[in-house]
Amino acid sequence: MSTAMPMSVALPTGTAMRMGPATSTDTPATPTPPTTSTPIATPATTTTEPAVPLLELIWLASPALPVGGFSYSEGLEPAVEAGWVAGEAQAGDWLVDQLTIGFARSELAAVAHGIAAWTRGDAAAVAALNDWVTATRESHELRQQSQQMGRSLLEWLRVRDPADARIGTLAALAPAPTWPVSYALAAARTQAAPADALAACAFGWCEAMVQAALKAVPLGQNAGQRILARLAAHVPQAVDAALRCAGGDRQAFMPMLAILSAQHETQYSRLFRS
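In this report, we go over the structure that sits alongside the text. (Residues numbered from 1 in each chain as written. Predicted model: local features only at pLDDT ≥ 70, side-chain atom pairs only at ≥ 80, totals over all residues. Heavy atoms only, no water.)

Moving on to the nonpolar core. Here is a general trend for soluble globular proteins: nonpolar side chains tend to be buried in one another's company. Leu76, Leu108 and Tyr183 are the most contacted members of the largest nonpolar core, which totals 73 residues. Apart from residues lying up to four places away in sequence, Leu76 is in contact with Val85, Trp94, Leu95, Met209, Ala212 and Ala213. (Core = buried A, V, L, I, M, F, W, Y, C linked by side-chain atoms within 4.5 Å. Buried < 20%, exposed > 50% of the residue type's maximum accessible area, 1.4 Å probe, protein only. Contact = heavy atoms within 4.5 Å.)

Okay, here's the thing in structure tokens:
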């Protein structure tokens, strides 16, 4: 049988590729290098540093923060017991009023002033603020909540950064560090903008109170999300009010809430701490 004649095929580059029986002298073809693809989006920066304050604030607002915030109803459970809150609409109205009339002008304003005091290293202002928060808790239950959560956040801060000298100042507050003052230190450590820190604090409060409403009223998950959306829409207003509040304008005057909280301490059947 005759052997087929080798034939050459012209390549685009002008070189010839021999086709026929391979011999030991054949040179392997050079592989084509892979095409470099262009990324869809180029990151603006290669550092993760700008995200750190945001992540810290998300952490502080998280229900996973071990401070016991979901253990309290802040007057909501006795309001349900009294028949004043009986459904999604009334629960939403109640919590919106509590956020804008009470929380924004009291605890949230205290957090704003606390961030400023911790940032400038004013220990005397921190102590005075802690005294104000303690004095304005109008029932044993509300005072217990503020101090228990303040101590729990203190322990969390000790684990995070035991070398921070300000933690010692917080621990020395008598009779105990309160929640707004402890939160203010945690927020100051993030170096986030005060408005962002207050928004995280307010949203954490809204989430805790919605969870309380789900159990106490009770409500379904979808109803809870609708109430949370209502509250979230009022958070910017609450933050703005807290930032504009001067030291002498802080107030914690919600007498009916204080009465309900006091009644809750002896309520026969209750889900939340008192």
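The geometry of an aromatic ring pair is captured by two quantities: the separation of the ring centres and the angle between the planes. If you walk through the whole model with that rule in mind, you get 3 aromatic pairs. When the centroid spacing of 5.0 Å and the interplanar angle of 20° are considered together, the rings of Phe103 and Trp205 count as stacked. You can see Phe103 sitting in helix H3 (residues 88-103) and its partner Trp205 sitting in helix H9 (residues 194-216), a full 102 residues away along the chain. A relative accessible area of 5% places Phe103 in the buried class. Assessed through its relative accessible area of 8%, Trp205 is described here as buried. Its guanidinium or amino end placed over the ring of Trp132, Arg250 lies 4.5 Å from that ring's centre, counting from NZ or CZ. (Phe/Tyr/Trp six-rings, centres within 6.5 Å; stacked < 30°, edge-to-face > 60°. Helix = DSSP H or I, 4+ residues; strand = E, 2+ residues; numbered from the N terminus. Lys NZ or Arg CZ within 6 Å of the ring centre and 35° of its normal.)

A few words now on the packing of helix H4 (residues 107-120) against helix H10 (residues 221-244). The contact between H4 and H10 brings their axes to 8 Å, and the two run at 55°. Judged by the angle between their axes, H4 and H10 are oblique. Here H4 and H10 pass one another in a crossing that is right-handed. Counting all contacts with H4, which are made through Leu108, Ala109 and Ala112, the residues of H10 involved are Ala238, Val239, Ala242 and Leu243. Residue composition of the contact of H4 with H10, by class: 7 nonpolar, no polar and no charged. (Axes fitted to C-alpha atoms, helices over the stretch in contact; angles between N-to-C directions. Parallel < 35°, antiparallel > 145°, perpendicular 65-115°, else oblique. Left-handed = near helix turned anticlockwise from the far one by under 90°. Nonpolar A, V, L, I, M, F, W, Y, C, P; charged D, E, K, R; others polar.)

In this section: the packing of H4 against H9. The contact between H4 and H9 brings their axes to 10 Å, and the two run at 145°. Handedness of the H4/H9 crossing: right-handed. Contact residues: H4 offers Leu108, Val111, Ala112 and Ile115, while H9 offers Ala197, Leu198, Cys201 and Ala202. In the contact of H4 with H9, the residues fall into 8 nonpolar, no polar and no charged.

Here we come to unusual backbone geometry. Omega for the peptide link from Ala174 to Pro175 comes to 0°, which places this bond in the cis form. Omega for the peptide link from Val217 to Pro218 comes to -10°, which places this bond in the cis form. Mapped onto the secondary structure, Pro218 falls in the loop between H9 and H10. Although it is not a glycine, Glu74 sits at a positive phi angle of roughly 50°. Position of Glu74 among the secondary structure elements: in the loop between helix H1 (52-61) and helix H2 (76-81). Positive phi is not limited to glycine here, since Gln191 has a value of about 60°. Mapped onto the fold, Gln191 is located in the loop between helix H8 (179-190) and H9. A residue is classified by how much of its surface remains accessible, and Gln191, at 74% relative accessible area, is exposed.

Any functional reading would require information beyond the geometric quantities listed.
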